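# Report on the structure
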Amino acid sequence: MTTYLLIAGLGLVLLLVSLVLGDLLDGALDALAGDAFSSAVIGAFVSALGFGGALAQGLGAPLAVSLPAGVVAGVGFGWFAAWLTRLLRTDSSGASPRTDDTVGREAVVVTAIPADGYGTVKVLIGGHEMRLNARLDTDHPLPVEPGTRVHVTGSVSPTAVTVAPTWRELG
């Protein structure tokens, strides 16, 4: 069992090093199997092999059973690490929001929006606060004061939107 635990410890060290320093094998084996041989995947495989083998041996299994049990655990965890690595590398949810993403959202006026000019609004999208120039898209006779909630109705440019006062604010 000690051998399996040493193998598991070695896998954990490799996994920790790959998390702190990045992928040690980045690009080295990409031609063979892409992310299948990244440091994180190899670390997960070796660690799970060690812990799976130690668990099987601790339950009384002989080497002929504990080794395949460790390999099965390693393959399972290695596959999961490859899947998770691929998911994180191709994730596009961290992209910065664009002005088009604000359409249909509620905003708060930061600087007054005159009836015939631009003011500034603040829109919150997925934790990102965007401050944009804004003009009224309706014939509103009075300027819209700071603190007023408005509805973003359209995108004029990468830095400007059109807004309309919400029905609560018109009352």
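We now examine the pattern of salt bridges. Inspection of the entire model under this criterion finds two salt bridges. The salt bridge partner of E106 is R149, with a shortest N-O separation of 3.4 Å. One end of the pair, E106, is in strand β1 (residues 106-111); the other, R149, is in strand β4 (residues 149-157), with 43 residues separating them in the sequence. When its relative accessible area of 35% is taken as the criterion, E106 is described as partly exposed. A salt bridge links E129 to R131; its shortest N-O distance comes to 3.4 Å. Since its relative accessible area comes to 46%, E129 is described here as partly exposed.

Here strand β2 (residues 119-125) lies mainly inside the structure; five of its seven residues are buried. Two strands pair when backbone bridges link them, and β1 and β2 are joined in this way by four bridges, in the antiparallel orientation. Residue T111 lies in a different strand from β2, and its bridge partner there is T120. Where β2 folds back on strand β3 (residues 128-136), the antiparallel hairpin that results is connected by two residues, among which G126 adopts a positive phi of roughly 50°.

Now for the pairing of strand β5 (residues 160-165). Residues in a regular strand point their side chains to alternate faces of the sheet. The buried fraction of β5 amounts to six of the six residues, a majority that puts the element mostly inside the structure. Residues A160, T162 and A164 line one face of β5 and the alternating positions V161, V163 and P165 line the opposite face, and both faces are buried. Pairing of β3 with β5 involves four bridges; the strand directions are parallel. When the bridges of β5 are listed, A134 appears paired with V161. Looking at chain direction, β4 and β5 are connected through six bridges and run antiparallel. Paired with V152 across the strands is V163, a residue of β5. Between the antiparallel neighbours β4 and β5 lie two residues.

Cut-off values and rules
- Residues numbered from 1 in each chain as written.
- Predicted model: local features only at pLDDT ≥ 70, side-chain atom pairs only at ≥ 80, totals over all residues.
- Heavy atoms only, no water.
- Salt bridge = Lys/Arg side-chain N within 4 Å of Asp/Glu carboxyl O.
- Helix = DSSP H or I, 4+ residues; strand = E, 2+ residues; numbered from the N terminus.
- Buried < 20%, exposed > 50% of the residue type's maximum accessible area, 1.4 Å probe, protein only.
- Pairing = 2+ DSSP bridges.

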